[in-house]
Amino acid sequence: MSRKRILTGDRPTGPLHLGHYVGSVANRARLQDEFETFVIIADAQALTTNFDRPERLAEDVLNVAMDNLACGVDPQKSVLFVQSLVPAIAELTVFYANLVTVNQLFHNPTIKTEAAQHNFEESMPFGFLGYPVSQAADITFCRANLVPVGEDQLPHIEMTRKIVRKFNSLYAPVLVEPEARVSEVSRLPGLDGGAKMSKSLGNAIYLSDPPDVVKQKVARAVTDPARIHPTDKGHPEICTVFAWHRAFNRAESDDIGERCRAGTIGCVPCKARLVAVLNEFLEPIRARRAGYEQDPDLVRDILSTGTARARHEGDRTMALVRAAMKIDYFPPPAPAATAGN
Ligand code: TRP
Ligand code: SF4
């Protein structure tokens, strides 16, 4: 029996931040012993909002690879690969595009939120609107069973499942219907109090941020606006800093919440404690990352080995898909009868 498969990953639009970590990177590093894990660096998806800046991708692909490795994604256990170098993903996208309506895409809540952030007005790229279709190809090209993601990705997994069901019932049941696995802490609010950390909003702490930058960013974080004096009674449930204590300082967080409510801890020491906890957590990640930064050729080797493996899986899936669709016009000749060997 072969192990079940995971496919997950990120867009390379800059280094990864702590939102990526709690939403999915931690989960993938934890699950790689149990599942055969594929980690996609979705460079073509990054282009759907950054097509005018392709020159950044080379560096960002490498950054995201190093972030994954630094967080414990082990190239001996996981396949770390680059999306645009796996032809099966582009090919599946073309076929899947017929199984989805533009209305379904326009109603996808994550597309709606991101479209609003990008302010496309009348010029939304077709590639942006359609990226969930390409994401269905990301997930299915390796016949993944499980997709560990943050909550915001659930509409895309739902769309993938619909596409798979439609494909399997229309043609032949060769695709695997994946399941989402949302991590316990799936959403970390931005430091500005916004719903989500995001690179474009500039409210994130990066895995690669040095200690003093972490300190400055936490110092600026939005807390309960009702607290002016340290003895004012607070509302931790609406405080960004508290949400972060919950995610990274679980053991002390109940106590901190009570003291905030009672007005016996001020925001300044509360933040100082968070800075200490975050820096302690980030220290080993920074150290491992520094090792890879010294040796970018090693990172490129890991990526090219992983990508070759992904291409191989993609070719296998495409053979099944073409046969199911009856478009395998030139099937390989049946092996010749063996004579003598
Ligand atoms: N859309 C994901 C994000 O923005 C990245 C991604 C691309 C992904 N392809 C994927 C995630 C496949 C899970 C599975 O973070
Ligand atoms: Fe937030 Fe801590 Fe201040 Fe309470 S004491 S409002 S949890 S920063």
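Thresholds applied
Residues numbered from 1 in each chain as written. Chains lettered and ligands numbered in written order. Predicted model: local features only at pLDDT ≥ 70, side-chain atom pairs only at ≥ 80, totals over all residues. Heavy atoms only, no water. Helix = DSSP H or I, 4+ residues; strand = E, 2+ residues; numbered from the N terminus. Rg over C-alpha atoms; globule rule 2.2 N^0.38 Å. Buried < 20%, exposed > 50% of the residue type's maximum accessible area, 1.4 Å probe, protein only. Contact = heavy atoms within 4.5 Å. Areas by Shrake-Rupley, 256 points an atom, 1.4 Å probe, with all protein chains shown as cover. Lys, Arg positive; Asp, Glu negative; His and termini not counted. Charge placed at Lys NZ, Arg CZ, Asp CG, Glu CD. Salt bridge = Lys/Arg side-chain N within 4 Å of Asp/Glu carboxyl O. Domains from an automatic or database assignment. Buried area = accessible area lost by both parts, 1.4 Å probe. Nonpolar A, V, L, I, M, F, W, Y, C, P; charged D, E, K, R; others polar. Near = heavy atom within 4 Å. Axes fitted to C-alpha atoms, helices over the stretch in contact; angles between N-to-C directions. Parallel < 35°, antiparallel > 145°, perpendicular 65-115°, else oblique. Left-handed = near helix turned anticlockwise from the far one by under 90°.

Remarks on the overall build of the protein chain
Argument step 1. Assigned secondary structure in the protein chain consists of 14 helices and five strands.
Argument step 2. Taken over the C-alpha trace, the protein chain has a radius of gyration of 22 Å; the compact-globule value for 341 residues is 20 Å, and the two agree within 12%.
Argument step 3. Each principal axis of the C-alpha atoms in the protein chain carries an extent, and together these give about 85 × 45 × 40 Å.
Argument step 4. Within the protein chain, the fraction of its 341 residues that count as buried is 50%.
Argument step 5. Of the contacts formed within the protein chain by residues at least 6 apart in sequence, a portion of 77% connects residues at least 24 apart.
Argument step 6. Just so you have it, the protein chain exposes about 17000 Å², and 56% of that area is on carbon and sulfur atoms.
Argument step 7. Counting 39 positive and 41 negative side-chain charges, the protein chain places the averaged centre of each group 3 Å from the other.

Some thoughts on the pattern of salt bridges
Argument step 1. With the rule as written, the count across this model stands at 23 salt bridges.
Argument step 2. Ionic pairing is found between E114 and R11, a salt bridge with its closest N-O pair at 3.4 Å. Taken together, the residues span a long stretch of sequence, with E114 in helix α6 (residues 109-118) and R11 in the loop between β1 (5-10) and α1 (18-31) at a distance of 103 residues.
Argument step 3. Between E158 and R161 there is a salt bridge, with its nearest N and O atoms 3.9 Å apart. You can see E158 and its partner R161 sitting in helix α9 (residues 154-170), three residues apart, about one turn around the helix.
Argument step 4. Residue R161 is classed as partly exposed on the basis of its relative accessible area, which comes to 21%.
Argument step 5. Through salt bridges with shared partners, a single network forms among R5, E36, R143, R309, E313 and R316.

Concerning the domain arrangement of the protein chain
Interfaces are often sized by the accessible area lost when the parts come together.
Argument step 1. We note that the domain assignment places domain 1 (5-189 + 296-325) and domain 2 (211-291) within the protein chain.
Argument step 2. Centre-to-centre separation of domain 1 and domain 2, based on C-alpha positions: 32 Å.
Argument step 3. Each side of the interface is counted separately: domain 1 has 14 residues, and domain 2 has 11 residues.
Argument step 4. Across the interface of domain 1 and domain 2, roughly 1000 Å² is buried in total on both sides, 72% from carbon and sulfur atoms.
Argument step 5. Joining domain 1 to domain 2, the criterion identifies one salt bridge.
Argument step 6. Elements that contribute at least two residues to the side of domain 1 that touches domain 2 include exactly α1 and α3 (57-70).
Argument step 7. In terms of residue count, α3 provides more of the side of domain 1 that touches domain 2 than any other element does, five residues in total.
Argument step 8. Broken down by class, the residue content of the side of domain 1 that touches domain 2 amounts to 11 nonpolar, two polar and one charged.

Here we look at the site of ligand 2
Argument step 1. Around ligand 2, the surrounding shell consists of T223, D224, R227, C239, V241, F242, C260, I265, C267 and C270.
Argument step 2. For the shell around ligand 2, the secondary structure elements donating two or more residues are α11 (240-248) and α13 (267-293).

A closer look at the packing of α3 against α13
Each pair of packed helices gets described by two things: the angle between the helix axes and the distance between those axes.
Argument step 1. In contact at an axis separation of 8 Å, α3 and α13 are set at 135° when each is read in the N-to-C sense. Comparing the axis directions of α3 and α13 gives the class oblique. Our pair here, α3 against α13, has a crossing hand that is right-handed. Together, N63, M66, D67, L69 and A70 of α3 and I285, R288, R289, Y292 and E293 of α13 make up the contact between the two elements.
Argument step 2. A breakdown of the residues in the contact of α3 with α13 according to their chemical character gives five nonpolar, one polar and four charged.

Here we look at α11
Side chains three or four residues apart in an α-helix point the same way, a direct result of the helix having 3.6 residues per turn.
Argument step 1. The set of residues buried in α11 consists of T240, V241, F242, W244, H245 and F248.
Argument step 2. Residues of α11 that are buried in the fold lie against α1, α12 (250-262) and α13.

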